[in-house]
Amino acid sequence: MTEIMTDKNPFAQLVDLTANGNVLFATDDFFQVAETLILKQDPVWDEKKFTPFGKWMDGWETRRKRTEGHDWSIIKLGLSGTISGLHIDTAFFTGNQTPRISIQAACLEKDLALCRRSEMGSCATNEEARAADSIQTHLWEEILPMVVLRPGYPGERHHYFGVTSAKRWTHLRINYFPDGGVARLRAYGTVVKDWSRTSKTDLVDLIALENGGTPVSSSNSHYGTPFNLISKPESEGMYDGWETARNPKRPPVFQKGKDGLLIIPGAEWVIFRVGVPNGGFAKSVMVDTAFFRGNYPESILVEACQKPGKVSLEGAVWTPLVPRTRVKADSKHEFVVHPSIQQRCITHVRLTVFPDGGVARLRVHGTVVASSLSNL
């Protein structure tokens, strides 16, 4: 496995499958719990912060091992799918980083019956360890063989590795050799949803990350990635949404048109591809401007088109799901799609904000084309 040497994340256009994942087991949580490893926020350093167990670190750090074996943990991915790349960040672990690491993966259809306490200063009990050992995670497929990690100094902390497997994964086993700390782990790839339990009458979010939705393109993502718009949980703050720069084409003085909306020569947009290959039927739309209080859009427009497959959208005919409508600060806006449009199959959704601004979440609820279910 060859490391990709670069200053920028080569997997930035892919989905972080660890986001909103769960730690199911860890051999040791003495200096910091394993949940820290998959936090969404970037790691930080606090010179003065200590705990009863030692220096506070923003990453999973185990005690100095004095017994046989090595430390390891089990993580359930927040989103199941194929993994194309791994990002291991040792930020601020400059004398206490894990010297070597490997990662294994599995695709499990049932939940693991493991009890997790997540307590700093603790380690797995004998009972917890036996339960984890019984799953035989050491036999899971290795997607990253043992590699050496550099200390977490600027310019050295980021480690990027490509993954060649095309299999769908739901769980990871993280192996520290033998102990130490890592600030963050990201597993980047493509969401692969199991649609076998979905019927053609079930309402689903057609563009949600968890359902395989993905951003295709955007005019501006200055302050936030479009991936945030279609993430599963509620927004955690203004940083957790999609926000554009101020539109340079906005007029010196705003004027109102006959429709009551501002006359705006320019706007910003983002396009998403529906997660199911053959598309779906949109029934309702939700636009959430949570936390955007002085930087929300004046108005929004939501449209859809039908262009199956990963093809160019040039020449696509866009149909409004939500006509241009004023929105409020820090609010959820619910819209019902017109019945005549609900019968049209869609494969892509475009959100336009006038003249610019931020949106926390976008949901497009609808049903899946029946042929999509039979083909998956």
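Residues numbered from 1 in each chain as written. Predicted model: local features only at pLDDT ≥ 70, side-chain atom pairs only at ≥ 80, totals over all residues. Heavy atoms only, no water.

Student: Requested: an account of the overall build of the protein chain, with residues and values cited.
Tutor: Tallying secondary structure elements over the protein chain gives three helices and 25 strands in all. Judged by the C-alpha coordinates and their principal axes, the protein chain covers about 75 × 50 × 35 Å. Relative to its full complement of 376 residues, the protein chain shows a buried share of 52%. Long-range pairs, those at least 24 residues apart, make up 82% of the contacts in the protein chain with a sequence separation of at least 6. Accessible surface, the protein chain: about 18100 Å² in total, of which carbon and sulfur atoms supply 52%. Of the side-chain charges in the protein chain, 44 are positive and 41 negative, and the distance between the mean point of each set is 5 Å. (Helix = DSSP H or I, 4+ residues; strand = E, 2+ residues; numbered from the N terminus. Buried < 20%, exposed > 50% of the residue type's maximum accessible area, 1.4 Å probe, protein only. Contact = heavy atoms within 4.5 Å. Areas by Shrake-Rupley, 256 points an atom, 1.4 Å probe, with all protein chains shown as cover. Lys, Arg positive; Asp, Glu negative; His and termini not counted. Charge placed at Lys NZ, Arg CZ, Asp CG, Glu CD.)

Student: Describe the environment of Thr 170, and please don't skip the residues or the numbers.
Tutor: Take Thr 170: it is sitting in strand 11 (residues 169–177). The class of Thr 170 is buried, set by a relative accessible area of 8%. Put simply, Thr 170 and Thr 18 are 152 residues apart on the chain and 9.7 Å apart in space, counted from C-alpha to C-alpha. At 2.8 Å, the side chain of Thr 170 and the backbone nitrogen of Leu 108 are in polar contact. (Polar contact = N/O pair within 3.5 Å; in protein donor to acceptor, adjacent residues only side chain to side chain.)

Student: Account for the packing of aromatic side chains, naming residues and giving values.
Tutor: The final tally for this structure, using the stated rule, is seven aromatic pairs. Measuring from ring centre to ring centre gives 6.3 Å for Phe 11 and Tyr 160, while their planes differ by 65°; the resulting arrangement is edge-to-face. Placement of Phe 11 in the loop between strand 1 (3–4) and strand 2 (15–16) and of Tyr 160 in strand 10 (residues 158–162) is noted, with a sequence separation of 149 residues between them. Of the two residues examined, Phe 11 and Tyr 160, each falls in the buried class. What links up through ring pairs into an aromatic cluster is the set Phe 11, Tyr 160 and Tyr 188. Taking the ring centre of Trp 56 as reference, the NZ or CZ of Lys 49 above it sits at 4.2 Å. Over the ring of Phe 92 we find Arg 157, and its NZ or CZ is 5.8 Å from the ring centre. (Phe/Tyr/Trp six-rings, centres within 6.5 Å; stacked < 30°, edge-to-face > 60°. Lys NZ or Arg CZ within 6 Å of the ring centre and 35° of its normal.)

Student: If you had to explain the sheet that holds strand 19 (residues 299–305) to someone new, which residues and values would you point to?
Tutor: Across the sheet, which stays open at both edges, the five strands sit in the order 15-17-23-19-20 with antiparallel pairing between neighbours. Strand pairing shows two members of the sheet lacking a second neighbour, strand 15 (214–218) and strand 20 (319–326), which therefore form its edges. Adjacent strand axes in the sheet meet at a mean angle of 15° when their direction is disregarded. Bridge count between strand 19 and strand 20: five bridges; the pairing is antiparallel. Across the sheet, residue Glu 303 finds its bridge partner in strand 20, namely Pro 320. (Pairing = 2+ DSSP bridges. Axes fitted to C-alpha atoms, helices over the stretch in contact; angles between N-to-C directions.)

Student: Give me the lowdown on the nonpolar core, citing residues and values where you can.
Tutor: The biggest cluster of nonpolar side chains holds 64 residues, and the ones touching the most others in it are Ile 83, Leu 172, Val 285 and Leu 351. Among the elements that make up this core, the one with the highest residue count is strand 7 (residues 72–89) (six residues). Ignoring anything within four residues of it in the chain, the contact list for Leu 351 reads Leu 229, Trp 242, Glu 268, Trp 269, Val 270, Ile 300, Leu 301, Val 302, Val 359 and Leu 362. Membership of the second largest hydrophobic core comes to 10 residues, among which are Phe 25, Leu 112, Ala 132 and Trp 140. (Core = buried A, V, L, I, M, F, W, Y, C linked by side-chain atoms within 4.5 Å.)

Student: Go over the pattern of salt bridges with me, naming the residues and quoting the values.
Tutor: Counted under the stated rule, the structure contains 22 salt bridges. As a salt-bridge pair, Arg 116 and Glu 35 come within 2.8 Å of each other at their nearest N and O atoms. Note that Arg 116 is positioned in the loop between strand 8 (100–106) and helix 1 (126–133) and Glu 35 in the loop between strand 3 (22–26) and strand 4 (50–51), a separation of 81 residues in sequence. For Asp 240, the salt bridge identified is with Lys 40, shortest N-O distance 3.1 Å. (Salt bridge = Lys/Arg side-chain N within 4 Å of Asp/Glu carboxyl O.)

Student: Please give an account of the side chain of Thr 82 that cites residues and values.
Tutor: Inspection of the secondary structure assignment puts Thr 82 in strand 7. On the accessibility criterion, Thr 82 (18% relative accessible area) is buried. If sequence neighbours within four positions are ignored, Thr 82 has contacts with Leu 17, Ala 166, Lys 167, Arg 168, Tyr 188, Gly 189, Thr 190 and Val 192.

Student: Account for unusual backbone geometry, with residues named and values stated.
Tutor: The omega torsion of the bond from Phe 177 to Pro 178 falls at -5°, within 30 degrees of zero and hence cis. Secondary-structure assignment places Pro 178 in the loop between strand 11 and strand 12 (181–182). A cis amide bond, omega -15°, links Phe 354 with the succeeding residue Pro 355. Here Pro 355 shows up in the loop between strand 23 (348–354) and strand 24 (358–359). Of note, Phe 291 is a non-glycine position whose phi angle comes to about 75°, a positive value. As for its placement among the helices and strands, Phe 291 is situated in the loop between strand 18 (280–288) and strand 19.

Student: Could you give me a rundown of the pairing of strand 21 (residues 332–336), with the residues and numbers involved?
Tutor: Only one face of strand 21 is covered, namely the face carrying His 333 and Phe 335; the face carrying Lys 332, Glu 334 and Val 336 is uncovered. As paired elements, strand 18 and strand 21 share five bridges and run antiparallel to each other. If you follow Asp 288 over to strand 21, its bridge partner there is Lys 332.

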